[in-house]
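Descriptive structure summary
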Amino acid sequence: MSEERISVRRRDSSDLDACVRVLAEVHESDGYPVNWPQDPAGWLTPPGSPPESPAAWVALLDGRIVGHSCLSPARPGDAAPDIWSGRTGMGPEQTAVVSRLFVSPKARGHGIGALLLTETVREARGRGLHPVLDVVTSDRAAAALYERQGWTLMATGEQRWGPDQTVQVHCFAAPL
């Protein structure tokens, strides 16, 4: 029996089709993202990041893309950066938001989510920023991953996702 090889690397534009396929598997299995985007490849580019060089990573299992994560700057109205700022007295611009983190249902149980999270946190810290994130309250598996990795649940609150949609989210901060 051969050992499966897992790796994480920076995402490049040639990865987007495979990332969208994995995202579709996750959406069908878990309902993430809650609202399927009109432009899934565009949705995978972190808000506020240049499309040509986003802060995004892919996880590979035996050479196949099976996971994804990104890092983006805090935007006005983001719940987690605002809560972290209120707790620490530091501005939300001193945070980086971990987002678009998902792993193919077929590839779970290998620690891939934790590896993607670790790489994304490493980048945030390298930029001198504190990583935060939010997750819809119904996504218990994701919340459990963050808690296993030592993240702190700061609060549960509302996040506006558009003019007609508000969702309940758990807001987490990475360990200090």
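Refer to the preceding data block for the structure.
This write-up is about the structure you can find in this document. (Residues numbered from 1 in each chain as written. Predicted model: local features only at pLDDT ≥ 70, side-chain atom pairs only at ≥ 80, totals over all residues. Heavy atoms only, no water.)

1. Examining the overall build of the chain
Scanning the chain for helices and strands turns up five helices and seven strands. Each helix (α) and strand (β) of the chain, taken in turn from the N terminus, gives the series β-α-α-β-β-α-β-α-β-α-β-β. For the chain, the C-alpha radius of gyration of 15 Å lies close to 16 Å, the compact-globule estimate for 176 residues. Seen through its principal axes, the chain has C-alpha atoms that stretch 50 × 35 × 35 Å. Taken as a whole, the chain presents about 9,300 Å² of accessible surface, with 49% of it coming from carbon and sulfur. Measuring between centres, the 17 positive side-chain charges of the chain sit 3 Å from its 21 negative side-chain charges. (Helix = DSSP H or I, 4+ residues; strand = E, 2+ residues; numbered from the N terminus. Rg over C-alpha atoms; globule rule 2.2 N^0.38 Å. Areas by Shrake-Rupley, 256 points an atom, 1.4 Å probe, with all protein chains shown as cover. Lys, Arg positive; Asp, Glu negative; His and termini not counted. Charge placed at Lys NZ, Arg CZ, Asp CG, Glu CD.)

2. Brief notes about the pattern of salt bridges
Throughout the structure, instances matching the rule amount to seven salt bridges. With a closest N to O distance of 2.5 Å, Arg108 and Asp30 form a salt bridge. One end of the pair, Arg108, is in the loop between strand S4 (95-103) and helix H4 (112-126); the other, Asp30, is in helix H1 (residues 16-30), and 78 residues separate them in sequence. The salt bridge involving Asp78 is made with Arg75; its shortest N-O contact spans 3.9 Å. You can call Arg75 partly exposed: its relative accessible area is 44%. What you see here is one network of salt bridges that share partners, running through Arg10, Glu123 and Arg127. (Salt bridge = Lys/Arg side-chain N within 4 Å of Asp/Glu carboxyl O. Buried < 20%, exposed > 50% of the residue type's maximum accessible area, 1.4 Å probe, protein only.)

3. Quick notes on the nonpolar core
Of all hydrophobic cores here, the largest spans 26 residues; its most connected members are Leu117, Tyr146 and Trp151. Looking at this core, the elements that each hand over two or more residues are strand S2 (56-61), strand S3 (64-73), S4, H4, strand S5 (130-136) and helix H5 (140-148). Leave out the neighbours within four places in its chain, and Tyr146 touches Leu101, Leu117, Leu133, Val135, Trp151 and Phe172. Counting residues in each nonpolar core, the second largest holds 13 residues, with Leu16, Cys19, Leu60 and Phe102 among its members. (Core = buried A, V, L, I, M, F, W, Y, C linked by side-chain atoms within 4.5 Å. Contact = heavy atoms within 4.5 Å.)

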